[in-house]
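Architecture and fold: a report
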Amino acid sequence: MGPDQHAQLDGFSLFLPFPSRVAVLLLAGFWGWGANLQYLQQNNIDILALIRYHTRQSVNQRPPHVSAYRLAGLLTFPLLLSLLVFWPVTHGSREWVESVDYIPQSYLFILFILLLLPFNRLSRSGRRRFLYTLRRISIGGLAEAQDGKFGDILLADALTSYSKVIADLVVTFCMFFNSETSSTSKPDRHCGFDLTIPLVIAIPSIIRFRQCLIEYVRVRRMGFQNGNTGGQHLANALKYASAFPVILLTAKLRNYSPFSFHGISEVTLNRLLCFFTFINSSYSFYWDVTKDWDLTLFSESRNDNEYPYGLRRYRHFSDQQYYAAIAVDFAIRFSWMSKFFPGFGWLSETEFGLFVLMFSEIARRWMWVFLRAEAEWIRNSRGPAPSDVLLGEYNDKLDTD
């Protein structure tokens, strides 16, 4: 590697190398899930019953969130250890950072080993359930309601928020096994074939797209009971499909050539990208608020005097938390517009900015889970919201014994 490649590394990359940044984002999901379990249980929402995760009851059994935190802590310890070795060895030197990429990269191998090997003390039952569910949904599969369909949907939706993190994970290994570069160099997000990274980013949306179609087919097989025509499943599928033009145009603009789009100018492609991104963000924000959370902000009943403006009748959280969630969801869904505002270009142009954006999306999904699980709990205990047929099987009540 030449000196020009060394100069590309900024201070943030010297302190937190690329593989370690990916690891931090992956671990955030484990810590976030523990927080989801703890806070939902405190608000009398049995998330384990919703996802049909039944554990053996015993006097000495730890609460679910404690086990989740314990697993997250055990997965975090090797990362901290690798950084405590990496920092003294490199001393902030660009040459050393790139030459000892095996130190931060080794943690990603350790992470997979800890998740895959059957260590009894590492929340074995939880890890097995996670890996089993991940295997089922990896091809767009979807369990029946009594077998944990809601858990499949939560995990698949979480993967859509992790799409760019997963792509960066692939890039780290691609760079690590490439003899001409280092995984701690400036990230080469073109590593591999031209369509490799765009395809990886698209896979989570493809998974949810197929799940929505599966739900629609199930509704048809049931004979459109109770007026449920399955239309919302098709509308939900369209929401995930709206991400595909964004992914394709983004990939093409990174390697722009006037011949690749039959002479269409780069300016025109950028305008198309903004248009499709706006459609995807608007559609997703509307769906979050109206369909996933059952809030009435965009419905005719938003002025109902029985509950605060834009919310709903039954609520487990404070009114301020719902309004804050709506504001945060909107801000992060449209964070891509930051590049049009002076002083915010660094968010999309620097590695630190990209890290902030990806971490923000993970935080948004973590927040989303609270209201999504709450809405599902209310649907099962009090019936679906008016004209809401998102999941379709409301006659299958929760077994809360």
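Residues numbered from 1 in each chain as written. Predicted model: local features only at pLDDT ≥ 70, side-chain atom pairs only at ≥ 80, totals over all residues. Heavy atoms only, no water.

1. Quick word on a nonpolar patch on the surface
We count it as follows: Within this analysis, patches are made of residues with over 30% relative accessible area and no salt bridge. Like charges are joined at 9 Å or less; nonpolar side chains (Val, Leu, Ile, Met, Phe, Trp, Tyr) at 5 Å or less. All accessibility values rest on the Shrake-Rupley procedure with a 1.4 Å probe; residue burial counts only the protein chains present in the view. Note on definitions: salt bridges are taken to be side-chain nitrogens of Lys or Arg within 4 Å of carboxyl oxygens of Asp or Glu. Here a helix means four or more residues in a row that DSSP labels H or I, a strand means two or more in a row labelled E, and each is numbered from the N terminus. Only protein chains enter the area calculation, which uses a 1.4 Å probe; residues under 20% of their type maximum are buried, those over 50% are exposed, and those in between are partly exposed.
On the surface, a nonpolar cluster with roughly 480 Å² of combined accessible area is contributed by Phe-77, Leu-81, Val-85, Val-89 and Trp-96. Examined against the element boundaries, Val-89 turns out to sit in helix H5 (residues 64–90). On the basis of relative accessibility, which here comes to 34%, the residue Val-89 falls in the partly exposed class.

2. Regarding the UniProt feature "transmembrane region" (unreviewed entry) in the protein
Selection criterion: UniProt positions are given in the numbering used here, feature names are shortened, and annotations may be inferred rather than shown by experiment.
UniProt annotation of "transmembrane region" (unreviewed entry) refers to residues 12–33, 71–90 and 102–119 when read in the numbering used here. Helix makes up 91% of residues 12–33 and strand 0%, with an end-to-end C-alpha separation of 27 Å. Helix and strand shares over residues 71–90 are 100% and 0% respectively, and the end C-alpha atoms of the span are 29 Å apart.

3. Focus: the state of the cysteines
We apply this condition: Note that a disulfide, as used here, is simply two cysteine sulfur atoms within 2.5 Å.
With the rule as written, the count across this model stands at one disulfide. Sulfur-sulfur distance for the disulfide between Cys-174 and Cys-191 comes to 1.8 Å. The chirality of the disulfide connecting Cys-174 with Cys-191 is left-handed, given an S-S dihedral of about -80 degrees. Remark: Cys-191 occurs in the loop between helix H10 (163–176) and helix H11 (196–221) and Cys-174 occurs in helix H10; sequence separation between them is 17 residues.

4. Re the pattern of salt bridges
The final tally for this structure, using the stated rule, is 18 salt bridges. For Arg-208, the salt bridge identified is with Asp-157, shortest N-O distance 3.3 Å. Taken together, the positions of Arg-208 in helix H11 and Asp-157 in helix H9 (residues 149–161) put the pair 51 residues apart, joining distant regions of the chain. When the shortest N-O distance is used, the salt bridge between Arg-372 and Glu-376 registers 3.3 Å. Here Arg-372 and its partner Glu-376 are both found in helix H17 (residues 351–382), four residues apart, which amounts to about one turn of the helix. Each member of the pair, Arg-372 as well as Glu-376, carries the same accessibility label: buried.

5. Focus: the packing of aromatic side chains
Rules: Ring pairs shown here join Phe, Tyr and Trp side chains whose ring centres sit within 6.5 Å, with only the six-membered ring taken for Trp; geometry is labelled stacked below 30 degrees between planes, edge-to-face above 60, and tilted in between. Both a distance and an angle decide whether a charge sits over a ring: NZ of Lys or CZ of Arg must be within 6 Å of the ring centre and within 35 degrees of the ring normal.
In the structure shown here, the tally under the stated rule is 25 aromatic pairs. Note on Tyr-39 and Phe-370: the rings are 5.5 Å apart at their centroids and 80 degrees apart in plane angle, and the pair reads as edge-to-face. Within this pair, whereas Tyr-39 is found in helix H3 (residues 18–42), its partner Phe-370 is found in helix H17, the two being separated by 331 residues in sequence. Residue classification places Tyr-39 among the partly exposed positions, given a relative accessible area of 29%. Here a set of aromatic residues connected by ring pairs shows up, and it is made of Phe-278, Phe-285, Tyr-286, Phe-298, Phe-330 and Phe-334. Here the basic side chain of Arg-365 rests over the ring of Trp-368, its NZ or CZ set 4.5 Å away from the ring centre. A cation over a ring is seen here: Arg-382 above Tyr-314, with NZ or CZ 4.0 Å from the ring centre.

6. Side note on the nonpolar core
The nonpolar side chains of a soluble globular protein tend to be buried, and buried together. Rules: Here the nonpolar core consists of buried residues drawn from Ala, Val, Leu, Ile, Met, Phe, Trp, Tyr and Cys, with membership extended through side-chain atoms lying within 4.5 Å. Note that domain bounds follow an automatic or database assignment of domains. Should any heavy atoms of two residues lie within 4.5 Å, those residues are counted as being in contact.
Grouped together as the largest cluster of nonpolar side chains are 36 residues, with contacts concentrated most on Leu-26, Leu-75, Tyr-107 and Val-165. When residues of this core are traced back to their parent elements, those giving at least two are H3, H5, helix H7 (102–116), H10, H11 and H17. Here this core takes eight residues from H3, the largest share from any one element. Here this core spans two domains, and each of domain 1 (12–54 + 63–144) and domain 2 (281–384) adds at least three residues to it. When neighbours within four sequence positions are excluded, Leu-75 is seen to be in contact with Leu-27, Phe-30, Tyr-107, Leu-111, Leu-114 and Leu-115. Of all hydrophobic cores here, the second largest spans 30 residues; its members include Leu-50, Trp-293, Trp-368 and Trp-377.

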